[in-house]
Amino acid sequence: TDIVGPVLTRIWDVPDSGFAERLKHVIEPTFAVDYTTNFNRASSTPLLSDISDYVIADASRYTYGVNNRLFYRGKTVDGLRGQTREFVTVGLQQTYYSNRQSSQYDTSYSSSSTARTQVDFSPLALSVRVNPSSTIDGNARVEYDLSGGGLQVLTVGSNINVGRSNANVNYSRRHLNLTSKPDDYLSASSQWRLRGGRIATAYSLSWSITQGYLVSQNVRTTYMSQCCGIQAEFQTFNFPKSSGYPVPADRRFNVSFVLAGLGTFSNFFGAFGGGAVR
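All values reported here derive from a predicted model rather than from experimental measurement. (Residues numbered from 1 in each chain as written. Predicted model: local features only at pLDDT ≥ 70, side-chain atom pairs only at ≥ 80, totals over all residues. Heavy atoms only, no water.)

(A) Layout of the nonpolar core. Formed by Val14, Ala20, Leu23, Tyr72, Phe87 and Val88, the largest nonpolar core amounts to 6 residues. Put simply, the parts of the chain that give this core at least two residues each are strand S3 (20–36) and strand S5 (84–97). Every residue in contact with Leu23, bar those within four places of it in the chain, is listed here: Arg10, Ile11, Trp12, Val14, Phe71, Tyr72 and Phe87. (Core = buried A, V, L, I, M, F, W, Y, C linked by side-chain atoms within 4.5 Å. Buried < 20%, exposed > 50% of the residue type's maximum accessible area, 1.4 Å probe, protein only. Helix = DSSP H or I, 4+ residues; strand = E, 2+ residues; numbered from the N terminus. Contact = heavy atoms within 4.5 Å.)

Here is the structure:
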């Protein structure tokens, strides 16, 4: 059950503004109740891939929070009404668990983990999204444990779109255990389209700041000619020294054929790759 409201709204004109003629502020209190009934052999639920696979039976979750939304309406030009855009969104929420074990399997929070101590209340989660135009947007999320765990998760990201090109960068910091070091991580990607979109090139990387090495890099180029095309991809994955793998890195090169409306077909012999020596 989800409840939203009462919704409070304030609208005011800003004739002296250079980008908008009207602003709107909306405040939305929220409350949600989630109950899972009991069932036989609940403790035998398999944990296959992530914590969302596990179900806590005969348990309730009560989530409460508030959302703040800011809208603007662009200037009227040549008699055409300006576009309305939600350019700032700020949300704050927390969850109470009737069964403390549920706090380790709540996918609404990035800090949920089986390694985390069972608690009655989730961290206080603050999420912010800024989207002033179709060219750029930014987002951030903070999860703070009020029971003594402190800052659990911090993520910050931004995306830029210019013409046929786009780029994004994301930084995350996780500190779920006070006895260990925080885990800092940076990822970025970009894509360019040339010749009317027939040629596309993309690059992405993942960097573990805590361990001080690039986890992976990927470069992909695609050329399309009407109904079909060809795609080449090179990727490298570095293993940390503590992983125990016999090689420090794995590098692969792959060539694929692209058919419009059907998808991508990789070569039947697999990717060319193997171990690499630093």
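(B) Seen up close, a nonpolar patch on the surface. Where nonpolar side chains cluster on the molecular surface, the patch consists of Ile3, Phe31, Tyr62, Tyr64, Tyr96 and Phe121 and spans about 520 Å² of accessible area. Within the secondary structure, Phe31 sits in strand S3. (Patch = residues over 30% accessible without salt bridge, like charges linked within 9 Å, V, L, I, M, F, W, Y side chains within 5 Å. Areas by Shrake-Rupley, 256 points an atom, 1.4 Å probe, with all protein chains shown as cover. Salt bridge = Lys/Arg side-chain N within 4 Å of Asp/Glu carboxyl O.)

(C) Representation of the packing of aromatic side chains within the structure. Counted by the stated rule, this structure contains 4 aromatic pairs. A ring pair is formed by Tyr96 and Phe121, whose centres lie 5.2 Å apart and whose planes are at 50°; its orientation type is tilted. Taken together, the residues span a long stretch of sequence, with Tyr96 in strand S5 and Phe121 in the loop between S5 and strand S6 (124–130) at a distance of 25 residues. A relative accessible area of 41% places Phe121 in the partly exposed class. Ring pairing ties together the aromatic residues Tyr62, Tyr96 and Phe121, which thus form one cluster. (Phe/Tyr/Trp six-rings, centres within 6.5 Å; stacked < 30°, edge-to-face > 60°.)

(D) Inspection of the environment of Leu176 at higher detail. Turning to its location among the elements, Leu176 is positioned in the loop between strand S9 (165–174) and strand S10 (183–194). By relative accessible area, which is 26% here, Leu176 ends up partly exposed. Separated by 63 residues in the primary sequence, Leu176 and Ser113 have C-alpha atoms spaced 8.3 Å apart. For Leu176, the contacting residues outside a window of four places in its chain are Ser111, Ser113, Gln152 and Val153.

(E) View of unusual backbone geometry. A cis geometry characterises the amide bond from Gly5 onward to Pro6, with omega recorded as 0°. Mapped onto the fold, Pro6 is located in the loop between strand S1 (2–4) and strand S2 (8–13). The phi dihedral of Asp58 falls on the positive side, at around 55°, and the residue is not glycine. Mapped onto the elements, Asp58 comes out in the loop between S3 and strand S4 (59–74).

(F) Structural view of the pattern of salt bridges. Per the counting criterion, the structure on display carries 10 salt bridges. When the shortest N-O distance is used, the salt bridge between Arg22 and Asp13 registers 2.9 Å. Among the residues examined, Arg22 registers a relative accessible area of 33% and is labelled partly exposed. When its relative accessible area of 48% is taken as the criterion, Asp13 is described as partly exposed. Its salt-bridge partner being Arg61, residue Asp34 comes within 3.4 Å of it at the nearest N-O pair.

Just geometry here; none of it tells us what the structure is for.
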